[in-house]
Amino acid sequence: MCRRHVSAIKKEPDTLFLNQENEISFCKDLQSYVHRDPFINIFLGRTFLSHKMVGTVGVDKLAGRIIGSASRASFIEKTVFMNRLKEEMCPPKPTKQIAKTMDKLKNVRGGSVALNTGYHIPLVGFGTYKVEGNQVLPAIDAALTAGYRMFDTAKYYHNEKELGDAFKILLPKHNLTRQDIFITAKFFPEMDDCLIGSHKLIDESLELLDTNYIDMYLVHYPKPKIALDDDVKNAERRKLTYQAFEEAKDAGKIRSIGVSNYEIFHLEELKSYAKYQPCANQVEFHPHFTRSKIHAYCRDNGIFFQAFSSLARQAPELIEDPVVVEMAKKHDTTVPLILLAWALCQGVGIVPKSATPARVTENFKVIDVVLTPDEIKSLADLNRNKDYIRCTGWLVK
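For clarity, every value in this text was computed on a predicted model and none was experimentally measured. (Residues numbered from 1 in each chain as written. Predicted model: local features only at pLDDT ≥ 70, side-chain atom pairs only at ≥ 80, totals over all residues. Heavy atoms only, no water.)

A. Main features of the overall build of the chain. On a plain count of helices and strands, the chain comes out with 18 helices and ten strands. Every one of the 397 residues in the chain was classed for burial, and the buried ones make up 49%. Within the chain, contacts between residues at least 6 apart in sequence are counted, and of these 72% link residues at least 24 apart. Summed over all atoms, the accessible surface of the chain reaches about 19,900 Å², with 54% contributed by carbon and sulfur. (Helix = DSSP H or I, 4+ residues; strand = E, 2+ residues; numbered from the N terminus. Buried < 20%, exposed > 50% of the residue type's maximum accessible area, 1.4 Å probe, protein only. Contact = heavy atoms within 4.5 Å. Areas by Shrake-Rupley, 256 points an atom, 1.4 Å probe, with all protein chains shown as cover.)

Rendered as structure tokens:
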């Protein structure tokens, strides 16, 4: 026990001890006794001693005299002493620091959502698909300047190394730290040795992105890229991939685990074996493909719903639709921003992508576009159940 606790005890009236030497001796002996006595451990809120340790408990004469002396002390003196002892031997867990870290992204521009893991994810993210090589640095610089704090990548994008290098250069430039940004990564399940292969890919992401944790890792698709939709091994492959994510989460390498392109039956399947339910599901979502059933399912089950391809890859059928064009004119903005705002105003996450710095900056202006419930409905009424991306998870068994 340190001297500051000894001093605190000495300040109490009617001190128990005649001199400082006896006082320090008492503290040392009682601390030693507490380590051996399971009943005092219970009093202090500590866990039970092991069976082997309990077997060694035996109050020797010196400890007996010490405890006897303590019993004759006033209740106040003993309470003060035990409180100091508890503070010294059972320091509180650093919950405040954890909460502070978790809340760093709570108040980002554009808003955030608390995942079912407690961590906050910005609603507006920067998608990095087809942002490669020398395009990465200027695009990320523009994104950080504009206000993006969430960055979405994948093994399929082949840009983790460039992103890691860019963050290493640009975060200090913008007076930011790793905790000020949210990184999402993802990969397809492996065809063979899914558990081992997944761990290797996770470790590779950590190395390439030059970070010791990934904020959110997604199973990119409910099957390996080259597997057939009806391959009987698909279910087991995605299960092993997800279990690797859970193990990585327990090891502190991943903070939140999610999925992408999963349908309701895939999510129901997860419930049968998942230790941690998915925090998010990322799917194609725009007025021509409103996904109302799975959107409602995710909302009802506490799964963050995040959209990709919000612009339907600039499909003329949607971009040039009179309803969309007229709404853009009404809000004195652009069609892309109307389509992005349609998702954002519903609390759906978005990850617009561009390799052009000016476009990156323009897309973030979506946070200033506010659509009314009637406008959201009028765009939803354009639904055709039409997908424009080669991601047909509903076909995967």
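B. Just the packing of helix α15 (residues 322-330) against helix α18 (residues 373-380), in detail. Running from amino to carboxyl end, α15 crosses α18 at an angle of 155°, the nearest separation of the two axes being 10 Å. In terms of axis orientation, α15 runs roughly antiparallel to α18. Where α15 crosses over α18, the two elements pack in a sense that is left-handed. Here Val323, Val324, Met327 and Lys330 of α15 lie close against α18, whose contacting residues are Glu375, Ser378 and Leu379. (Axes fitted to C-alpha atoms, helices over the stretch in contact; angles between N-to-C directions. Parallel < 35°, antiparallel > 145°, perpendicular 65-115°, else oblique. Left-handed = near helix turned anticlockwise from the far one by under 90°.)

C. Up close: the environment of isoleucine 226. Here isoleucine 226 shows up in the loop between β6 (214-219) and α11 (234-250). Relative accessible area serves as the criterion here: at 68%, isoleucine 226 is assigned to the exposed category.

D. Broad picture of the pairing of strand β8 (residues 280-284). Across the five residues that make up β8, a large majority, five, are buried. For strand β7 (residues 254-260) and β8, the ladder comprises two bridges, and the chain directions are parallel. Within the sheet, the bridge partner assigned to valine 259 lies in β8 and is asparagine 281. A crossover connection joins β7 to the parallel β8 through helix α12 (residues 264-271); in handedness this β-α-β unit is right-handed. In this sheet, strand β9 (residues 304-308) lies alongside β8 in parallel orientation, the contact comprising five bridges. By the bridge assignment, alanine 280 is partnered in β9 with phenylalanine 304. (Pairing = 2+ DSSP bridges. Right-handed = clockwise from strand over helix to strand, strands pointing away.)

E. Looking closely at the sheet that holds strand β3 (residues 125-127). If you trace the eight strands from one edge of the open sheet to the other, you get β3-β4-β5-β6-β7-β8-β9-β10, paired in parallel fashion. Of all the strands in the sheet, the pair left with one neighbour each is β3 and β10 (349-350). Across the sheet, α11 touches β5 (182-187), β6 and β7, and the angle it forms with β7 is around 160°.

F. Empty space enclosed by the protein, seen in detail. Counted by the stated rule, this structure contains two cavities of 30 Å³ or more. Here the second largest cavity defines a volume of roughly 40 Å³. Lining of the second largest cavity is provided by Asn261, Glu263, Val283, Glu284, Phe289, Arg291, Cys391, Gly393 and Trp394. Grouping the constituent residues of the lining of the second largest cavity by class yields four nonpolar, two polar and three charged. (1 Å grid on protein atoms, 1.4 Å probe; cavity = no way out; pocket = protein on both sides within 12 Å on 5 of 7 lines; lining within 4 Å. Points joined across faces, edges and corners; volume = space filled by probe spheres on them. Nonpolar A, V, L, I, M, F, W, Y, C, P; charged D, E, K, R; others polar.)

G. Representation of helix α9 (residues 160-173). Compared with the 20 Å implied by 1.5 Å per residue over 14 residues, the 20 Å span of α9 between its first and last C-alpha is a close match. Here α9 has its buried residues at Glu160, Leu163, Gly164, Ala166, Phe167, Leu170 and Leu171. In this structure, the buried residues of α9 make contact with α8 (136-146), β4 (150-152), β5, α10 (194-208) and β6. Phi turns positive, to about 55°, at asparagine 175, one or two residues after α9. (Expected span 1.5 Å × (residues − 1).)

H. Here's a closer look at the packing of aromatic side chains. This model, assessed by the stated rule, comprises 14 aromatic pairs. Note on phenylalanine 187 and phenylalanine 245: the rings are 5.3 Å apart at their centroids and 85° apart in plane angle, and the pair reads as edge-to-face. Taken as a pair, phenylalanine 187 in strand β5 and phenylalanine 245 in helix α11 lie far apart in primary sequence, 58 residues in all. No difference in accessibility class separates phenylalanine 187 from phenylalanine 245, as the two residues are buried. A ring pair is formed by tyrosine 217 and phenylalanine 245, whose centres lie 5.1 Å apart and whose planes are at 45°; its orientation type is tilted. One end of the pair, tyrosine 217, is in strand β6; the other, phenylalanine 245, is in helix α11, and 28 residues separate them in sequence. With respect to class, tyrosine 217 is no different from phenylalanine 245; both count as buried. Members of the aromatic cluster, joined through ring pairs, are Phe126, Tyr148, Phe151, Phe167 and Phe364. The ring of tyrosine 276 has lysine 249 sitting right over it, with the charged end atom 4.6 Å from the ring centre. (Phe/Tyr/Trp six-rings, centres within 6.5 Å; stacked < 30°, edge-to-face > 60°. Lys NZ or Arg CZ within 6 Å of the ring centre and 35° of its normal.)

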